[in-house]
Amino acid sequence: MRRAESTDNEHSRAWHSLSADKAIAHWHSDRHSGLTKAQVSQQQQRFGSNTLQEASRRSWLSIAAGQFSDLMILILLAAALISGFVGEIGDTIAIVVIVLLNALIGGVQEFRAERAMAALKKMVSADARVVREGNIQDVAASELVPGDIVMLEAGMITPADLRLIEAAELQLNESALTGESVTVEKQTAPLEKTGTMLPADKTNMAFKGTPVTRGRASGVVVATGTETELGRIAALLERKEQIKTPLQQRLARFGSRLAMFVLAVCVVIFVAGLLRGEPLVLMFLTAVSLAVAAIPEALPAVVTISLAFGARKMSRHQALIRHLPSVETLGSVTVICSDKTGTLTQNRMHMEAAWLAGRLFQLSGEEAEALPEQSTHFWRALALSNDVVPANKGASGLLGDPTELALYQAAAEAGYDKEPLLEQLPRVAELPFDAQRKRMTTVHREEDGFIAFTKGAPESLLPLCSAGLTDGFDADAVLRQAESLAADGYRVLAIACRHWDELPAEDERQQLENTLEFLGLAVLIDPPREEAYAAVQECISAGITPLMITGDHPATALAIARRLGIAEEDSEAITGEELHTLSAELLSHRLDKVRVFARVSPEQKIDIVRALQGKQHYVAMTGDGVNDAPALKHADIGVAMGQKGTDVAREAADMVLLDDNFATIVTAVREGRRIFDNIRKFIKDTMSSNSGEIWTLFLAPFLGLPIPLLPIHILWINLITDGLPGLAFTQEPAEKGIMQRPPRQPNETIFAHGMWQHIIWVGLFVGGISIASQAWAISRGVEYWQTITFTVLTISQLFHSLSVRSERESLLSIGLFSNPYMLGAIAVTVGLQLLVIYHPLLNPIFKTEPLPLFDLGICFALSSLVLVAVELEKWMIRRGWIYRETDS
């Protein structure tokens, strides 16, 4: 339904800065009776349905047709038609099967990628409880309008964006919108409007799609449908245009150049043959056969199988690939933008130190030291002043707030177990934590009275303390120490106590938190994963820049980033509010020094991705919430979390980390590089071999020799030397030092690093030894000279396949048996060639004659020279004599 133009102004109001009464009055509603039927009808006409607009989905037919638009695929289909025309139905069938298989895999992947919006819609509440005309009623959430008074309670999903009117111990799980897993305590007081505020900062608002985990509330609807925070993210998901992966871009350029080259060569050979007086039909069939042979029809199959095997291997390393071409894209990544919580850190609070008796004590590691004797009450407070309980019957572990769990565990490690202490000091009263006081107090009975333990934010608790464990207690000095620790990225809690002979009366219990004795500071942090530091260092050595993008506070984020080596001492952190003031040019300029982005919005995450891409980076972006989904789609490769991630993030991503671990991304990058290397090796092998066939057919007539091969020979060589060896390349292990080299440049062609030079000289070399074998056989007057040339050209290509298994290392260095699939492929191919030479039923079909053993030995000896020549090339590469980086 069409919305009025004024709705943008309505929904963009800073509702969090208005009082609840002003928000209600704006919609001419009433907190007790809600809207009237007439008002609801009017609002529905004005603002439309409270639903997310889903873009028209592509049909299966449209997706399938898109798979045949690639130039390389069109060239292969043309080759299939030509093969059928010259009578090679087997080649036609093989090419068509490869193309259809490729289209099927690509189509399935695209269809799955279309489901991100569907997953987003599932998050939306189906029903809502509203007050209309003074009556509480349940209505479809899609019928809500601005001004409706909505009731919330635990277990419900917020049906629209609400400005809260009343809230009783209300807590919402906003992790899907903010990325932070801690539940958010809500309140109703207006907030000061300060610049750009994220949803996490708007504590008097409840947002569409967020579950209520505790308490109850009422609120006035201020935004519906696409104007909600969730709707805004849905709109960002819609704007993404499909971008080709680096491999797809390189193969597209390769296909167009190959088509022009093949056409030119075939015309030259056809014309040259006619000028020599060769039959017209023979030269036409030879040129057509050469065109088919020059096109590596196995390339799509090799690429697809390489990616599929790579995806399967990654799944064993906890990385699930959703979009197959992304397997290779990982190898091109130059920047990894990672979330902090749970990906780089353990997603659990840990008490690392305690500030006791005027100094800081480390609790673990090599710096751990003996604790002061007067700290007994401090540890008792940590053990007792919490609501941690054992897990339900039949389950292991503990249940409780993450911070309280960390305090409980630290006390237990210090020898203060909660259960025995509760028997000595049973809890008799408490003052629960709330967002206004920022404190919690529990009261315990002791032999001669009671003791109250209080913990809370230092700025809230320290002003209530009148003494400490040591003489000369200075609350201001302790507060400065707490602020200093917080600036280093720690979460700091102050701990205090007070002894009572008699408890205050029920209506005077607030006195429990007056005239306290300060015990110490608990210093907590979500520690980095043990393997994260090594993974970050491996990234850096591979030329990949890791960045941290988090919803956490900048000080905490920068501290963790420095621990992991992501940030240096002089590295900067930019907040979402600061980012809002930067132009695209300024942001691009500052990216060289910024390593941490904190408290950023979904739109700003996209801005960061685009700024990096504008600097010619390939960007991997991690995320787990709905707020991350747009950036995941805009990145070159989106990486979602499998354990704590939302369905929306997983559907928008190219890869899902099943263990939510940053180190898994680095493992996937290594696999992506291996796959691209192997695809390059196949192209290098097949194009060098095809080059050899072209040079043989092109040069022989100019040297006064007859056409060396028949069309059927060309097609046979193409079939057996590209097929099985090509597939064996997919199983080639990673090159040495694969993660000690920089990523490929975005504009780098697939022929870089000496490949085009290799293709030319190897083609000339293979052509030379083939023509030499032809001349030698003709000079001896043997009738089987064509079979000799045919065999040398075939076997030399197999030796070449062996030699290019590594770009730099010798065959002896990598080991002949390190890829048994290649040995098997070569053995089968040699067997097929011998069958064509010696089987009497195949001789008339392939126009071959059996070779004497001596001649066969000469064929193998000549062919092996290719292996020797390529090994010599690699020896020169290792010494830096040829194909240096600047030569590519």
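What counts, and where the lines are drawn
Residues numbered from 1 in each chain as written. Predicted model: local features only at pLDDT ≥ 70, side-chain atom pairs only at ≥ 80, totals over all residues. Heavy atoms only, no water. Salt bridge = Lys/Arg side-chain N within 4 Å of Asp/Glu carboxyl O. Helix = DSSP H or I, 4+ residues; strand = E, 2+ residues; numbered from the N terminus. Buried < 20%, exposed > 50% of the residue type's maximum accessible area, 1.4 Å probe, protein only. Patch = residues over 30% accessible without salt bridge, like charges linked within 9 Å, V, L, I, M, F, W, Y side chains within 5 Å. Areas by Shrake-Rupley, 256 points an atom, 1.4 Å probe, with all protein chains shown as cover. Pairing = 2+ DSSP bridges. Axes fitted to C-alpha atoms, helices over the stretch in contact; angles between N-to-C directions. Phe/Tyr/Trp six-rings, centres within 6.5 Å; stacked < 30°, edge-to-face > 60°. 1 Å grid on protein atoms, 1.4 Å probe; cavity = no way out; pocket = protein on both sides within 12 Å on 5 of 7 lines; lining within 4 Å. Points joined across faces, edges and corners; volume = space filled by probe spheres on them. Contact = heavy atoms within 4.5 Å.

K.L.:
Account for the pattern of salt bridges, with residues named and values stated.
P.N.:
Evaluation of the coordinates by the stated rule reveals 30 salt bridges. With a shortest N-O distance of 2.7 Å, Arg 132 and Asp 148 are connected by a salt bridge. Here Arg 132 is found in strand β1 (residues 127-132), whereas its partner Asp 148 is found in the loop between β2 (135-140) and β3 (149-153), with 16 residues between them in sequence. With relative accessibility at 10%, the residue Arg 132 sits in the buried group. We classify Asp 148 as buried; its relative accessible area is 0%. A salt bridge links Arg 509 to Glu 506; the shortest N-O distance between them is 3.7 Å. Sharing partners across several salt bridges, the network here consists of Asp 21, Arg 31 and Glu 166.

K.L.:
Give a description of unusual backbone geometry that names residues and reports values.
P.N.:
Positive phi outside glycine occurs at His 28, with the angle close to 55°. You can see His 28 is positioned in the loop between α2 (20-26) and α3 (37-47). On the basis of relative accessible area, His 28 is assigned to the exposed category, the value being 62%.

K.L.:
Let's hear about a nonpolar patch on the surface: which residues, and what values?
P.N.:
A cluster of nonpolar side chains, contributed by Leu 724, Leu 727, Val 828, Leu 832 and Leu 835, occupies part of the molecular surface with about 360 Å² of accessible area. When residues of the nonpolar patch are traced back to their parent elements, those giving at least two are α28 (724-729) and α32 (820-838). For the nonpolar patch, the element with the highest residue contribution is α32, accounting for 3 residues.

K.L.:
Quick rundown of the sheet that holds strand β24 (residues 637-641)? Include the residues and the values.
P.N.:
Here we have 8 strands laid out as an open sheet, ordered β8-β25-β24-β23-β9-β20-β22-β21, and mixed in their pairing. The open sheet has two edge strands with one neighbour each: β8 (319-321) and β21 (572-575). Ignoring which end each strand starts from, the neighbouring axes of this sheet average 20° apart. Strand direction decides the pairing type here: strand β9 (residues 335-338) and strand β20 (residues 545-550), joined by 4 bridges, are parallel.

K.L.:
I'd like to hear about the packing of aromatic side chains, residue by residue, with values.
P.N.:
What characterises a pair of aromatic rings is the spacing of the ring centres plus the angle enclosed by the ring planes. Enumeration according to the criterion identifies 9 aromatic pairs in this entry. Judged by centre distance (5.7 Å) and plane angle (80°), the ring pair of Trp 27 and Phe 47 falls under edge-to-face. On the criterion of sequence distance, the pair formed by Trp 27 in the loop between α2 and α3 and Phe 47 in helix α3 is long-range, its members being 20 residues apart. When sorted by exposure, Trp 27 lands in the same class as Phe 47, which is buried. With 6.2 Å between their ring centres and 70° between their planes, Trp 695 and Phe 698 make a pair best called edge-to-face. Of this pair, Trp 695 and Phe 698 are both found in helix α26 (residues 662-702), 3 residues apart, which corresponds to roughly one turn of the helix. Residue Trp 695 is classed as partly exposed on the basis of its relative accessible area of 26%. A relative accessible area of 25% means that Phe 698 is categorised as partly exposed. Ring pairing ties together the aromatic residues Trp 15, Trp 27 and Phe 47, which thus form one cluster.

K.L.:
Can you lay out empty space enclosed by the protein for me, pointing to particular residues and giving the numbers?
P.N.:
What the rule picks out here adds up to 2 cavities of 30 Å³ or more. Of the pockets and cavities examined, the largest cavity occupies roughly 40 Å³. Taken together, Val 268, Ile 269, Ala 272, Gly 273, Met 283, Leu 697, Phe 698, Pro 701, Phe 702 and Ile 707 make up the full set of residues lining the largest cavity. Breaking the lining of the largest cavity down by element, the ones donating at least two residues are α10 (246-275) and α26. Here the second largest cavity is characterised by a volume of approximately 30 Å³. Lining of the second largest cavity is provided by Arg 250, Arg 253, Phe 254, Arg 257, Thr 749, Ile 750 and Phe 751.

K.L.:
For the environment of Leu 172, give the residues involved together with the corresponding values.
P.N.:
As for its position among the elements, Leu 172 is in strand β4 (residues 161-172). What makes Leu 172 buried here is its relative accessible area of 0%. In this structure, the C-alpha to C-alpha distance between Leu 172 and Glu 185, residues 13 residues apart in sequence, is 6.8 Å. Residue contacts for Leu 172: discarding those within four places in its chain leaves Thr 158, Thr 183, Val 184, Lys 186, Ala 206, Thr 210, Pro 211, Val 212 and Thr 213.

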